[in-house]
Amino acid sequence: MTDTVTITVDGREYQVPRGANLVDAAKLHGVKIPVFCYHPKMKPVGMCRMCLVELGTMTIDRETGKPQLDDQGQPAVRWFPTLQTACTQTCADGMVIRTTTEKVVAGRNSILEFLLTSHPLDCPICDKGGECPLQNLTMGYGPGESRFVFDDKQRLAKHVPLGQLIFLDRERCIQCARCTRFCDEVAGDDVLGFHERGRRLQIVTISDPPFDTKFSGNTTDICPVGALTTADFRFGARPWEMEEQATICPHCPVGCNLTASTRMDRDAGGKTIIKRIMPRQNERVNEIWICDKGRFGHHFTRSENRIECPSLRKDGALVETDWAAVRGEVARQLKTSGGRVGFLAGPSLSNEDLWEMRRLAEQVGGEPLLGVWPATMTGADAVAQAGVGVETRIQDMRAGDAILVVASDFEEEAPIWWLQVKQAAERGVNVVVANARPTKLDQYAHTSIRYTYDDAVNWLNGVVAAAVGGDAGSGSPVAGRVDGLKELRASLKKATADSSDLPGALAGANNLVIFAGAEGLTLDQHRDLMRSAANLLIATGHVGRPLNGLVPVWPGANMQGAFDMGFSSEATAAMIQNPPEAWVIAGCDPVAADATIAAAIQKARYVVTVSPLVSETTAISHAVLPSQTFAERDGSFTNGMRRVQRFYAAQSPVGDALPDWRIFADLAADLGGKAPRVSAAGVMRDITQNMARYADMGFSNLAWVEDQFPDVGGDDLYYGGTSYTNRSGLGVQWITDAEDPAARLKVDPVGGAAAPAAGLQVVPVWTLFDRGLLFKESDLMHHRVPEPYAEINADDAAKLGVSDGDRIVVNAGGAQVEVVARVDGKAPAGTVLLPRQLTDTPSPIYPAACTVQKVGE
């Protein structure tokens, strides 16, 4: 139970949490204390002085322990002689403040008058106009006029690029330091700083390249004036002209809540388009932050490469036609494929799309071949048993808790989770990072583990062997419900138990969350890693409750949903080994990504691709069906923590494109199936009636909301910035077996290390900014996409005669890729780290033996 104290604000007593920030505590009870520099997600600094109040404490009689009374019989208060900054005060019993006295009003008037002495009067052309804290506070608390001489105004540069994404207007800056503090405290990137002194104090970038962070756009949200603007939206529209639609980021497994600001646009022929992407508050997911990929990676929705009409291949070329003709031909081809049709789903498909794709596969008949792309991860069964508990929020973890991040370059694969785990480490959570190479999270980890890629599973088995003892989770929610413990312990006797303090620290943690990626692992190895992680969690009782369990770092927005709907990486691997007669491919571009699957697809008699964009896969297809993007339709994604979240149509459709689910439903109907549903909500109703885990995921349930703290984005934007209040849905998590008291859990023995590979091995890795199907259409972000490269260990490079910066050719997995060599000490010996989706040619999707040659040799 929260320890509370009594404070008095403007003559009224309030019960507030002990130690709470005074500004936050007052706001909880409807008392607004204006601020500029204070932000509830960062440490208070008291720089702007806007939150000045009269502050005092009740005088306590030492004998009685009760407040002393004054001549009027009221508690006597010992007041500070000067005004105090409320944001630097924490609530204590007996605290008394005044927020409306003449002294306070005069202080606020003076602060605003000083701030406005050199502030430009360009509100009519300022991007912040209409949603500007400075405007609001000046109207509410300002003097109404200035005594300063206009000729004394400072004139500074108004178009200063801090990088290629963010611009600074130095005249508008009020030196609140929100942007510099965000980069330092939240993002962990020391890329902005102050330069000069006094009135000449200004923000500068101190990194090379400039403003080098993956979270730069958030500084424009929390800037209380129009000093920071984005290259994407600068002078693009006025806030009051736009309508806001709730949506979900389509790029990674975090599932960040977004708001799409839209407007009918002249350049788009009067159609409604997205003018900007803003964060939408969801404290259970992304809090109020988003990464730059989510903010600036929406331009594919209006790309010139959008497919507007369906087409069929005739005489070797794709020819545009109508929906009736293409549906008839595709249905005929699927009927004559003898039930050997492979269905391949990408991570940008919604749950509704996946459900109707599955129904189409059932209507086609034959052996169900439901694969996912990229097929780099598996282990949905481990998540179903030991997934992280409902209502888990990483920001609730404290000292005594532990987080293990294994086989993942976290910042590149799930940036907002990286932020949250980094901040958890700073709060005292025991963060353990295990990988074969160093990653950025190592800077904040309490323990960094190095294994070889082949030994990842064996290392985790060793941790399990040392941590398991007695009954599984005695006293935990799963006590007495675990099968297979005896067999697990017998199998672990063969493992080399970890003799360090780590197993005990993880097993004895109050709460334990494991984030599991797949870097350097084959599909079989990843299945074992997920099973071993689940074994550790189940056997130590860290399941079935909030702040405990397994979180897979899936490669995409809705990979969890795909697995839930019956798709699998194993099916993809089977189709590569034994290619089907025909393929139906949607939401991905496998031909551009991997040479092995490209060869398998090209062997097919007939290929159908459902895609919003022209791609390498559409180029070899016999039928191309244009689909809508996430911005043009309703639907839902399931994020890596199993939270099903709804997104809404934001902009006008492009051409004749249809939602994927409608395309699959129409084809199923042409093959004799049921008539299509009229909306995505109708499809979700079918899902809720047929899938037990999704029984509560109707669209009305997904739209539930509640008040969140901090209360940002309300009428007082000065408090938290322009992140939008969530009025459209916080989503719903489905429960795991560990959270079901009637379900039994099972731990399974897991094999040990794979045989060490001989020679050089290429290990595919992820980069956040890449040339993937969706992101490469954002021209604004091309400068953030690195030149294709491969990292080579220094000793290996010396043997090969390769130096840093040389152009090399990497041959592996049936692919030949020309890249620049980086010899920087990050690659383990015997390993070539090759980022996916940076080149125009396919690169391996799995670890494989490779050769390296300098270009020209």
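In what follows, the structure referred to is the one given above.
In this text the structure is predicted, and so the values were computed from the model without any measurement. Residue numbers run consecutively from 1 along every chain, following the written order of its sequence. Given that this is a predicted model, residues contribute local features only at a pLDDT of at least 70 and side-chain atom pairs are listed and counted only at 80 or more, while totals for whole chains, interfaces and linings are drawn from all residues. Heavy atoms from the whole structure form the basis of all side-chain values; hydrogens and water molecules are not counted.

Engineer: Looking at this structure, I do not really get the overall build of the protein chain. What am I missing?
Structural biologist: The helix count covers DSSP runs of H or I at least four residues long, the strand count covers runs of E at least two residues long, and both are numbered beginning at the N terminus. Along the backbone of the protein chain there are 24 helices and 37 strands. The quantity called the radius of gyration is restricted to C-alpha atoms. Its globule counterpart is 2.2 Å times the number of residues to the power 0.38. Scaling as 2.2 N^0.38, a compact globule of 857 residues should have a C-alpha radius of gyration of about 29 Å, and the protein chain matches this with 29 Å. Principal-axis analysis of the C-alpha atoms gives the protein chain an extent of 95 × 70 × 60 Å. Evaluated residue by residue, the protein chain yields a buried proportion of 61% over its 857 residues. Three labels apply to residues, based on accessible area from a 1.4 Å probe with only protein chains included: buried if under 20% of the type maximum, exposed if over 50%, partly exposed otherwise in between.

Engineer: Explain unusual backbone geometry to me, please; I cannot follow it from the model alone.
Structural biologist: Glycine aside, negative phi is the norm for most residues, and most peptide bonds take the trans geometry. Cis geometry is found at the peptide bond from Asp 208 to Pro 209, where omega equals 5°. Along the chain, the position of Pro 209 falls in the loop between strand E10 (202–205) and helix H5 (218–222). The phi dihedral of Asp 315 is positive, around 55°, even though this residue is not glycine. Mapped onto the fold, Asp 315 is located in the loop between strand E15 (311–314) and strand E16 (317–320). Residue classification places Asp 315 among the exposed residues on the basis of a relative accessible area of 85%.

Engineer: Any chance you could explain the environment of Trp 459 here in plain terms?
Structural biologist: Tracing the backbone through its elements, the reader meets Trp 459 in helix H12 (residues 456–467). Between the C-alpha atom of Trp 459 and that of Ala 495, which follows or precedes it by 36 residues, the distance is 8.7 Å.

Engineer: Could you clarify how one ought to interpret the sheet that holds strand E24 (residues 549–552) in this entry?
Structural biologist: Strand pairing in a sheet is mediated by backbone hydrogen bonds. Such pairs are either parallel or antiparallel. Two strands pair if DSSP finds at least two bridges between them. Within the open sheet, the five strands sit side by side as E21-E20-E19-E23-E24. Their pairing is parallel. Of all the strands in the sheet, just strand E21 (447–450) and E24 have a single pairing partner and so form its edges. On average, each strand axis in the sheet is tilted by 15° relative to the strand beside it, whichever way the strands run. Across five bridges, the pairing between strand E19 (residues 402–406) and strand E23 (residues 512–516) is parallel. Pairing of Ala 402 across the sheet is with Leu 512, part of E23. In this analysis, axes come from line fits to C-alpha atoms, helices being fitted only over the stretch in contact, and the angle between any two N-to-C directions falls in the range 0 to 180 degrees.

Engineer: I keep staring at the nonpolar core and nothing clicks. Help me out?
Structural biologist: If you look at soluble globular proteins, the nonpolar side chains tend to sit buried side by side. What is meant by a nonpolar core is a set of buried Ala, Val, Leu, Ile, Met, Phe, Trp, Tyr and Cys residues, joined one to another through side-chain atoms within 4.5 Å. Counting residues in hydrophobic clusters, the biggest one holds 104 residues, and the most contacted among them are Trp 459 and Leu 625. For Leu 625, the residues in contact, after removing those within four places along its chain, are Trp 323, Val 326, Val 330, Val 608, Thr 609, Val 610, Ser 611, Ile 663 and Leu 667. Among the nonpolar cores identified, the runner-up in size contains 96 residues, and Cys 183, Leu 192, Ile 290 and Phe 647 belong to it. By the convention used here, residues are in contact when the closest approach between their heavy atoms is within 4.5 Å.

Engineer: Sorry, what's going on with the environment of Ala 246 here?
Structural biologist: Of note, Ala 246 is situated in strand E12 (residues 243–248). With relative accessibility at 5%, the residue Ala 246 sits in the buried group. Between the C-alpha atom of Ala 246 and that of Glu 102, which follows or precedes it by 144 residues, the distance is 43 Å. Here Ala 246 is in contact with Leu 258, Arg 280, Phe 647, Tyr 648 and Ser 728, once residues within four sequence places are set aside.

Engineer: Is there a simple way to think about helix H7 (residues 323–335) in this case?
Structural biologist: Helical geometry note: an α-helix holds 3.6 residues per turn, so side chains three or four residues apart project in the same direction. Expected helix span is taken as 1.5 Å per residue step, with the number of steps being one fewer than the number of residues. If you check H7, its first and last C-alpha atoms are 18 Å apart, about what 13 residues at 1.5 Å a residue would give, namely 18 Å. Counted as a polar contact is a pair of N or O atoms within 3.5 Å, where, for protein atoms, one must be capable of donating a hydrogen and the other of accepting one, and residues adjacent in sequence contribute only when both atoms are in side chains. Its side-chain oxygen at 3.3 Å from the backbone nitrogen of Ala 324, Asp 322 defines the N-terminal cap of H7.

Engineer: Before we go on, may I ask you to explain a negative patch on the surface in this structure?
Structural biologist: Taken together, the side chains of Glu 308, Glu 320, Asp 322 and Asp 656 present a region of like negative charge at the surface. Inspection of the secondary structure puts Asp 656 in the loop between strand E29 (643–647) and helix H21 (660–670). When its relative accessible area of 40% is taken as the criterion, Asp 656 is described as partly exposed. Nonpolar side chains (Val, Leu, Ile, Met, Phe, Trp, Tyr) are joined into patches within 5 Å and like charges within 9 Å, using only residues with over 30% relative accessible area and no salt bridge. Only the protein chains shown count as cover for residues, and the accessible areas themselves come from Shrake-Rupley with a 1.4 Å probe. The salt bridge definition used is simple: a Lys or Arg side-chain nitrogen within 4 Å of an Asp or Glu carboxyl oxygen. A positive count includes Lys and Arg, and a negative count includes Asp and Glu. His and the chain ends are not counted in either. Where a charge sits is defined by one atom per residue type, namely NZ (Lys), CZ (Arg), CG (Asp) or CD (Glu).

Engineer: What am I meant to see in helix H15 (residues 523–539) here?
Structural biologist: With 17 residues, H15 should cover 24 Å at 1.5 Å per step; its first-to-last C-alpha distance of 24 Å lies within 8% of that length. Buried residues dominate H15, accounting for 14 of its 17 residues. Count one or two residues on from H15 and you reach Gly 541, which has phi positive near 75°.

Engineer: Before we go on, may I ask you to explain the side chain of Ser 843 in this structure?
Structural biologist: Mapped onto the elements, Ser 843 comes out in the loop between strand E36 (831–835) and strand E37 (848–854). Under the relative-accessibility criterion, Ser 843 is labelled buried at 5%. Those residues in contact with Ser 843 that lie beyond four places of it in its chain are Ala 593, Asp 594, Ala 815, Val 817, Leu 834, Pro 835, Arg 836 and Gln 837.

Engineer: How should the sheet that holds E12 be read in this particular structure?
Structural biologist: With respect to topology, three strands assemble into an open sheet ordered E12-E13-E14, the strand pairing being antiparallel. Here the strands that pair on one side only, and so sit at the sheet edges, are E12 and strand E14 (271–279). Direction aside, neighbouring strands of the sheet carry axes that sit 35° apart on average. With eight bridges joining them, strand E13 (residues 257–265) and E14 adopt antiparallel strand pairing. When the sheet's bridge partners are listed, Met 264 is paired in E14 with Thr 272.

Engineer: I tried to follow the packing of H7 against H21 on my own but got confused; where do I start?
Structural biologist: What describes two packed helices is the angle between their axes and the distance between those same axes. Two elements in contact, H7 and H21, have axes whose closest approach is 9 Å; the angle formed by their N-to-C orientations is 60°. Note on packing geometry: the crossing formed by H7 with H21 is right-handed. Across the interface between the two elements, Trp 323, Arg 327, Val 330, Ala 331 and Lys 335 of H7 pack against Ile 663, Asp 666, Leu 667 and Asp 670 of H21. Amino acids outside the nonpolar list (Ala, Val, Leu, Ile, Met, Phe, Trp, Tyr, Cys, Pro) and the charged list (Asp, Glu, Lys, Arg) are all regarded as polar, and Gly is one of them. Split by residue class, the contact of H7 with H21 holds five nonpolar, no polar and four charged. Rotating anticlockwise by less than a right angle from the far helix to the near helix defines a left-handed crossing, while the corresponding clockwise rotation defines a right-handed one.

Engineer: Looking at this model, I keep getting lost on the packing of aromatic side chains. Mind explaining?
Structural biologist: Two aromatic rings, drawn from Phe, Tyr or Trp (for Trp, its six-membered ring), form a pair once their centres lie within 6.5 Å of each other, and the interplanar angle then sorts them: stacked below 30 degrees, edge-to-face above 60, tilted otherwise. Tallied over the full model, the rule gives eleven aromatic pairs. Where Trp 417 meets Phe 515, the ring centres are 5.4 Å apart and the plane angle is 50°; that geometry is what we call tilted. Linking Trp 417 in helix H11 (residues 415–426) with Phe 515 in strand E23, this pair joins segments that are 98 residues apart in sequence. Its relative accessible area of 2% is what places Trp 417 among the buried residues.

Engineer: Can you help me understand the packing of helix H2 (residues 102–115) against helix H3 (residues 133–141) in this one?
Structural biologist: The interhelical angle for the contact between H2 and H3, taken along N-to-C directions, is 140°, at an axis separation of 10 Å. Regarding the angle of H2 to H3, the classification is oblique. Judged by the twist between their axes, the crossing of H2 over H3 is left-handed. Each of Arg 108, Asn 109 and Leu 112 in H2 lies in contact with H3, whose residues at this interface are Leu 134, Leu 137, Thr 138 and Tyr 141. Classifying every residue of the contact of H2 with H3 by side-chain character gives four nonpolar, two polar and one charged. The labels follow the angle: roughly parallel below 35 degrees, roughly antiparallel above 145, roughly perpendicular from 65 to 115, and oblique for the rest.

Engineer: When you look at the pattern of salt bridges in this model, what are you seeing that I'm missing?
Structural biologist: Once their charged atoms are close, side chains differing in charge can pair, the charge on each being opposite to the other. This model, assessed by the stated rule, comprises 53 salt bridges. Across the pair Glu 171 and Lys 158 runs a salt bridge, and its minimum N-O distance is 3.3 Å. Here the residue Glu 171 occupies a position in the loop between strand E8 (166–168) and helix H4 (178–186), and Lys 158 occupies one in the loop between H3 and strand E7 (160–161), the gap between them amounting to 13 residues. For Glu 171, a relative accessible area of 10% gives the class buried. The partner of Glu 581 in a salt bridge is Arg 605, and the shortest N-O contact between them spans 3.0 Å. Here the residue Glu 581 occupies a position in the loop between helix H17 (569–577) and strand E25 (582–586), and Arg 605 occupies one in the loop between helix H19 (595–602) and strand E26 (606–611), the gap between them amounting to 24 residues. The network of salt bridges with common partners includes Asp 122, Lys 158, Asp 169, Glu 171 and Arg 172.

Engineer: Before we go on, may I ask you to explain the environment of Ile 33 in this structure?
Structural biologist: Examined against the element boundaries, Ile 33 turns out to sit in the loop between helix H1 (22–28) and strand E3 (52–58). Between the C-alpha atom of Ile 33 and that of Val 204, which follows or precedes it by 171 residues, the distance is 30 Å.

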